[in-house]
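# Coordinate inspection notes
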Amino acid sequence: QVQLVESGGGLVQAGGSLRLSCLASRSIASISILGWYRQAPGKERELVARMIIGGSTDYADSVKGRFTISRDNAKNTVYLQMNSLKSEDTAVYYCNLALIAERVYVYWGQGTQVTVSS
């Protein structure tokens, strides 16, 4: 079992920046996929960014060029740097880890609220 704790959310004005952190209860060095998802009110949860073991990354089109996912294996932490925030980025952001072993193990954090005021 892996516990994930997100932090760094809050209220920010449009155009501002936030950095989300996701602290894992175990080493993330061998985790297959690290990701951030978000869910806005009345909408489905969507992928924001993910990093696959080996370092390749994917981003939602809506955040490309503004958001950056990164990891610090020494701190067991995944980050999401969010710049040039827009009101449509308002959502609960969730950290996600997927470990591919004999089966796929998927873990979610509790979420952190990001609110962007226009």
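Residues numbered from 1 in each chain as written. Predicted model: local features only at pLDDT ≥ 70, side-chain atom pairs only at ≥ 80, totals over all residues. Heavy atoms only, no water.

### Considerations on the state of the cysteines
Definition in use: Here, a disulfide means two cysteine sulfur atoms that sit within 2.5 Å of each other. A helix here means a DSSP run of H or I that spans at least four residues, while a strand means a run of E at least two residues long, and both kinds are numbered starting from the N terminus.
All chains considered together, the criterion is met by 1 disulfide. The disulfide bridge from C22 ends at C95, spanning 2.1 Å between sulfur atoms. Since a negative S-S torsion denotes a left-handed disulfide, the C22-C95 link at about -80° is left-handed. Highlighted residues: C22 in strand β3 (residues 18–24) and C95 in strand β9 (residues 91–100), separated in sequence by 73 residues.

### Structural notes on the packing of aromatic side chains
Going by this rule: Planes of paired rings set the category: under 30 degrees apart is stacked, over 60 is edge-to-face and the rest tilted, where pairs are Phe, Tyr or Trp rings (Trp by its six-membered ring) whose centres lie within 6.5 Å. Each residue is placed in one exposure class: buried if its accessible area under a 1.4 Å probe, protein chains only, is under 20% of its type's maximum, exposed if it is over 50%, and partly exposed if it falls in between. Both a distance and an angle decide whether a charge sits over a ring: NZ of Lys or CZ of Arg must be within 6 Å of the ring centre and within 35 degrees of the ring normal.
Applying the stated criterion across every chain yields a total of 2 aromatic pairs. Both rings, one in Y37 and one in W108, keep their centres 5.0 Å apart while their planes meet at 65°; by these two values the pair is edge-to-face. Highlighted residues: Y37 in strand β4 (residues 33–39) and W108 in strand β10 (residues 104–108), separated in sequence by 71 residues. W108 gets classed as partly exposed once you look at its relative accessible area, which sits at 37%. An aromatic cluster is present here, built from Y37, Y94 and W108 joined pairwise through their rings. The ring of Y94 carries R45 above its face, with NZ or CZ at 3.7 Å from the centroid. One cation-aromatic arrangement involves R45 over W108; the distance from NZ or CZ to the ring centre is 4.6 Å.

### Focus on the pattern of salt bridges
Worth spelling out the cut-off: Criterion for a salt bridge: a side-chain nitrogen of Lys or Arg within 4 Å of a carboxyl oxygen of Asp or Glu.
Scanning the model with the defined rule gives 5 salt bridges in all. Ionic pairing is found between D61 and K64, a salt bridge with its closest N-O pair at 3.1 Å. Judged by its relative accessible area of 65%, D61 is exposed. Several salt bridges share partner residues, and in doing so they unite R38, E46, R66 and D89 into one network.

### Focus on the sheet that holds β3
Note the cut-off: At least two DSSP bridges between two strands are needed for those strands to be called paired. Interaxial angle, 0 to 180 degrees, is taken between N-to-C directions of lines fitted to C-alpha atoms, where a helix line uses only the stretch in contact.
Across the sheet, 4 strands lie side by side as β1-β3-β8-β7; this open sheet has antiparallel pairing. Bordering the open sheet on either side are β1 (4–7) and β7 (67–72), each of which pairs with just one other strand. Within the sheet, the average angular offset between the axes of one strand and its neighbour, ignoring direction, is 15°. Inspection of the sheet shows β3 paired to strand β8 (residues 77–82) by 6 bridges, in the antiparallel sense. Bridging across to β8, R19 finds its partner in Q81.

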